[in-house]
Amino acid sequence: MPHEEHRLSQHGLRSTMSTFTPTNDTGHAPATLPNTDGPGGPFDNAPALRHSPPPPTLADAKHQHGHHQNSHQQQPQHDPLPSHAQIVQHQPQSQQPRSVKRPRPVKSCTECRKRKLRCDRLLPCSQCQKSSRICRYATDQDAANLSDGSDVESTDMSRPMKRTCPPGSSGGPGTTSQDVAHTPSKTGDSPSLPLLEELSLRMERLEKHVRVRSPATELSGGRPIAASQNTIRGVSVKRGAQRTRYFGQNSPRVLVNLFADAKAYMLNQQHSPSHAELFTSFGALHKTLQDNFNKAMLPITVFVDSMMPVQKRMTDILPKKTVCDRLVASYIDTSETIYRILHLPTFSEQYELYWEGKLQSESFLPQLLSVLSVASRFETKSKGMGHERVEGVHIPTACALVRSWLDGLKGKQLVDLATLQVEVLLLHAQRMITPRAQESWTQLGFVVRLAMTMGLHRDPSEWEPRMPVFIGELRRRLWFTIVDMDLHMSLACNLPCLVRDGDFSCRPPRNLNDSELFLDMKELPPTKPIDQVTDNQMQVYAAMTLGARMRVAPLINRIDSMRDYQEVMEVGAKLERFLDDINYIFPRHGILNDTQRSKQWRCRVILDMHVRRPLLALYRPLAMGVPEVPPQISRAYLRSSMVILKYLDELDPLLAHFQDIAEMYHQILKRDIIQAALSVCFYIQSAVRPNSEGLVIGQQALRMSPDSLDDFPSYTAENLVLWSPSRLVNTVQKTLALLMNNISGSDTKDILCVAIVLETVKTAEPKVQDIARELYGVLDACLRASNLTREKLRMSLDQLHQPNDFMRSRASYGYPGSTTSANPALSGPMGDMGGWMLWEGWD
């Protein structure tokens, strides 16, 4: 209670001092009075009471404030001190208008004064921050700036200027320093202006919060901005919904829904008697190539089923050292670039020791076999599918033996860094021959979680000095390789990523040569500039773009609920800037050597595709299917599609190694090429039929000229003209010829899909006879590339008992227009794909 007594006594002193001016021994008023209401004092916002009642409550605040003002007005009539009046009468005339009361400028904000709370005089104060109120201070000219102890203006008194508070500044979580900096200050000249400004600012902040929770713009009108569902994704349903398969937005099964004429032709003309021979021939070609591919994918049983130790079996399938030398050099030059898995000096040392008969590590043979498998896909005529060891290894057999070795590991071997390297190399080799990206995506999930259990997602510096800096840098390289592969496979399948931005603390690797890293090193050298060529330059630049690229996958997965283009445009702009930077890091001109020019082209294409794939995946649901899409999205999507189709135009076709580069381009980018070709066909359709309903979307992209970087290699005035329909058609036809020349496996369906779509969009009114004539030309080109003839196809049809059995075999799947047949000859790959032409997910 002593504190309460002191408080009450101070209240009485404050009330008394507000009624008279005490004098000193000379009879004059003192120059200054002690301020009993200083900063942080207990009476800053309390009412000035004459007596000492109990402290007021919040419920009585308004009533007491009114009573307090009345008591001040009646105070001079009941003043019991007559000496005060005598003192006033004896003062000079010039001092008569001046108030005898002590003017006390208010230092608290208006909200704390109104609620009678203690104010810390900050901007905004702590009380307003807690309650998310607008914190304001009264200006000098405002009557509210005077305290209850003053009854006149005190503008002539010398006191510091009061802090000016913007009307919209508050301590809420949505307030930013930028908002406060650009807010006009309040003035006392126009009482209505601050109120309007305050309401305007409050409305802006409210709109910001609403956009964060449920974004909406005038462009979309509150509707989802993505295209219709059947043009974004599809599901194949078979066997009474017991078998289903998901298809992403870049699958031809989904893209064909954008072309009504092509879809109708595929569904109707294949049952027409006049076209039965054409589609039967395509079906026989598909089955022949699929059977050959399935046979080549079978591992060699003499090695896989043998009872010999797995190390001995891996040694037996290795080719000679000269062949291995060529394949290892090719792998290092082409594959160990953006995906860094091995430390090249260490691997080369172990490689030489192996051929000297001094095998140092059990994990080396699996690593070597995986490296040879990747290189055999590009450096052999059989593409790694031949059984002979004269030019390379048989990829399915090598992968099966490596998988067998991994399955035999136990205990601590499972968390060894070399084991993880083998897992990543094996996944890299398998995805070269796996026809479906979903299978690689599934296996990659195991690799990602294995790396996390080993702690690769945390930066190695967190465990120093127990972890040497050499091992730590290798772990950084391997982790960013895994994350980049996870992003690439997720975008290819249109499925979520396993690793999101913020799930790891591992820092990017440094731009260093492998020769600068060694086991006994104590400190890492400083990283080199990004434009300086090193062994790790490409991965370092890919790591710089990884943050923006990782934002794409979550955006695509929630594209159906998005109602605003803001985030899409922001991420897309960053990716486009990264694409421009690649041209400066790997310039197209100034290289005289053809070999160096080809290597520079390969590095630029690999980096360009790593950034362009996310950009295409982000813009794809919007560029084709949304009429009110911003023009820059449509233009960027068309430009990126054309860039992919024109990569080979940078190289001279007369180069000795041009064919090898073209085959590598097809092997690596086959899915991207098909998607780009069908996308360009969409814009051809928009140009040929500008007035058709639903085809106005691509007009805005065609009305704009491409940038100087769109066409390679020269930048002349010819390349700056508008993309005409004939120019787009020629580009797709050239791409179709590349696909036909490298046909294999299950490519027949995709090639036929691109050919039909192209023929139906070239003219405003496509004719069935013209389409059939062009398809016969496609069939002949595919037969020549496959070393087949129509006679061989007829022989394969004779093995199916009757030609019509091929068409009737679809009846078991319930396809319209098919007759009943129980022929089991087509229950293999073609039947498992859901029949020949009718792909589920098109409707």
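What counts, and at which threshold
The residue numbering used here restarts from 1 in each chain and proceeds along that chain's sequence as written. Note on the predicted model: pLDDT of at least 70 is required for a residue's local features to be given, and 80 or more for side-chain atom pairs to be given and counted; whole-chain, interface and lining totals, by contrast, use all residues. Only heavy atoms go into the side-chain values, all of them from the structure, while hydrogens and water stay out. Only runs of H or I of at least four residues qualify as helices and only runs of E of at least two qualify as strands under DSSP, and these elements are numbered from the N terminus. Accessibility here uses a 1.4 Å probe with only protein chains present; expressed as a share of the type maximum, an area under 20% marks a residue as buried, one over 50% as exposed, and anything in between as partly exposed. Residues are treated as being in contact if the distance between any of their heavy atoms lies within 4.5 Å. Accessible areas in this description were obtained via Shrake-Rupley with a 1.4 Å probe; residue shielding takes into account the shown protein chains only. To obtain an axis, a line is fitted to C-alpha atoms, over the contacting stretch when the element is a helix, and the angle between two such axes runs from 0 to 180 degrees between their N-to-C directions. DSSP calls a pair of strands paired once it identifies at least 2 bridges connecting them. The rule for a salt bridge is simple: a side-chain nitrogen of Lys or Arg has to be within 4 Å of a carboxyl oxygen of Asp or Glu. Expected span, for any helix, means 1.5 Å times one less than how many residues it has. For Phe, Tyr and Trp, rings pair up if their centres lie within 6.5 Å, where Trp contributes its six-membered ring, and each pair is then called stacked (planes under 30 degrees apart), edge-to-face (over 60) or tilted (otherwise). The predictor's confidence in any single residue is recorded as pLDDT, a number from 0 to 100. UniProt positions are given in the numbering used here, feature names are shortened, and annotations may be inferred rather than shown by experiment. In this description, the arc belongs to the directions extending from the helix axis to the C-beta atoms. Definitions for this section: a left-handed crossing has its near helix turned counterclockwise from the far helix by less than a right angle. A right-handed crossing has that turn clockwise. In the analysis that follows, any N or O atom pair within 3.5 Å is treated as a polar contact, provided that within protein one partner can donate a hydrogen and the other can accept it, and provided that, for residues neighboring in sequence, both atoms belong to side chains.

Bringing the overall build of the chain into the picture now. From N to C terminus, the chain includes 32 helices and two strands. Buried positions account for 50% of the 843 residues belonging to the chain. Considering only intrachain contacts with a sequence separation of at least 6, the fraction spanning at least 24 residues in the chain is 71%. Total accessible area on the chain stands at roughly 41,000 Å², and carbon and sulfur atoms take up 55% of it.

Between helix H10 (residues 276-296) and helix H28 (residues 747-761), the shortest axis-to-axis distance is 8 Å and the interhelical angle comes to 145°. Of the residues in H28, those in contact with Phe 279, Phe 282, Leu 285, His 286 and Leu 289 of H10 are Thr 748, Lys 749 and Leu 752.

Note on strand geometry: in a regular strand, side chains alternate between the two faces of the sheet. Here strand E1 (residues 234-238) runs beside strand E2 (residues 243-247); their pairing, made up of five bridges, is antiparallel. Across the sheet, the residue bridging to Ser 236 is Arg 245, located in E2.

A few words on the pattern of salt bridges. Using the criterion set out here, one finds 35 salt bridges in the structure. The salt bridge partner of Asp 459 is Arg 476, with a shortest N-O separation of 3.1 Å. Here Asp 459, found in the loop between helix H18 (437-453) and helix H19 (469-493), pairs with Arg 476, found in helix H19; they are 17 residues apart in sequence, far enough to count as distant. Comparing Asp 459 with Arg 476, the two get one shared label, buried.

Further remarks concern the pairing of E1. Where burial is concerned, the two faces of E1 differ: the one with Gly 234, Ser 236 and Lys 238 is buried and the one with Val 235 and Val 237 is not. Connecting E1 to the antiparallel partner E2 that follows it, the hairpin turn spans four residues, and Arg 239 within it adopts a positive phi of roughly 55°.

Right, let's talk about the environment of Pro 345 for a bit. Here Pro 345 shows up in helix H14 (residues 344-355). Classification of Pro 345 as partly exposed rests on a relative accessible area of 34%. A sequence separation of 171 residues divides Pro 345 from Glu 516, and the C-alpha atoms of the two residues are 9.9 Å apart. Once you skip the residues sitting within four places of it in the chain, Pro 345 turns out to touch Asp 514 and Ser 515.

In a regular helix each residue adds 1.5 Å, so 17 residues correspond to 24 Å; H18 covers 25 Å between its end C-alpha atoms and thus fits that length. For H18, every residue scored as buried is listed here: Ala 437, Ser 440, Leu 444, Gly 445, Val 447, Val 448, Leu 450 and Ala 451.

Here the focus is the packing of aromatic side chains. A full pass over the atoms with the stated rule returns 10 aromatic pairs. For the pair Tyr 351 and Trp 355, a centre-to-centre distance of 6.2 Å together with 75° between the ring planes defines the contact as edge-to-face. In this pair, Tyr 351 and Trp 355 both sit in helix H14, four residues apart, roughly one turn of the helix. By relative accessible area, which is 29% here, Trp 355 ends up partly exposed. Measuring from ring centre to ring centre gives 5.5 Å for Phe 682 and Tyr 683, while their planes differ by 85°; the resulting arrangement is edge-to-face. Tyr 683 gets classed as buried once you look at its relative accessible area, which sits at 0%. Among the aromatic residues, those joined into a ring-pair cluster are Phe 347, Tyr 351, Tyr 354, Trp 355 and Phe 364.

The next point concerns the confidence of the model for the chain. When pLDDT is averaged across the chain, the result is 75; 68% of the residues are at 70 or more. The low-confidence segment residues 1-99 (pLDDT under 50) makes 84 contacts with residues lying over four places distant or belonging to another chain.

Turning to the environment of Phe 470, a few remarks are in order. Following the sequence through the fold, Phe 470 ends up in helix H19. Taking the C-alpha atoms as reference points, Phe 470 and Glu 516, 46 residues apart in sequence, are found 9.8 Å from one another. If we ignore the near neighbours within four places in the chain, the residues touching Phe 470 are His 343, Thr 346, Leu 517, Phe 518, Leu 519 and Met 521.

With numbering aligned to this structure, UniProt lists the feature "domain: Zn(2)-C6 fungal-type" (unreviewed entry) at residues 108-137. Between the C-alpha atoms that bound residues 108-137 there is a distance of 7 Å. The span itself is 40% helix and 0% strand.

On to helix H22 (residues 566-585), then. For H22, which comprises 20 residues, the first-to-last C-alpha distance of 29 Å matches the rise-based estimate of 28 Å (1.5 Å per residue) to within 8%. Among all positions of H22, only Val 568, Val 571, Gly 572, Leu 575, Phe 578, Leu 579, Ile 582, Asn 583 and Ile 585 are buried. The buried residues of H22 occupy an angular sector of 165° when the element is viewed end-on, so they sit on one face. For H22, exposure combined with an orientation more than 90 degrees from the buried face picks out Gln 566 and Tyr 584. Looking at the buried side of H22, the elements it contacts are helix H20 (537-550), helix H21 (552-557), helix H23 (594-623) and helix H24 (631-645).

Let us look at the packing of H22 against H24. Interhelical geometry of H22 versus H24 gives an angle of 40° and a closest axis separation of 12 Å. By crossing handedness, the relation of H22 to H24 is classed as left-handed. Facing Val 568, Met 569 and Glu 576 of H22, the residues of H24 in contact are Gln 632, Ile 633, Ala 636 and Arg 639.

The peptide bond linking Glu 464 to Pro 465 adopts the cis configuration, its omega dihedral lying at 5°. Tracing the sequence through the fold places Pro 465 in the loop between H18 and H19. Notably, Arg 121 is not glycine yet its phi reads approximately 65°, a positive angle. Note on placement: Arg 121 falls in the loop between helix H4 (110-115) and helix H5 (126-131).

Glancing now at the environment of Met 624. Inspection of the secondary structure assignment puts Met 624 in the loop between H23 and H24. By relative accessible area, Met 624 is classed as buried at 0%.

Now for the side chain of His 610. As for its position among the elements, His 610 is in helix H23. Overall, His 610 belongs to the buried group, its relative accessible area being 9%. At 3.4 Å, the side chain of His 610 forms a polar contact with the side chain of Tyr 339. Apart from residues lying up to four places away in sequence, His 610 is in contact with Ile 338, Tyr 339, Asp 484 and Arg 549.

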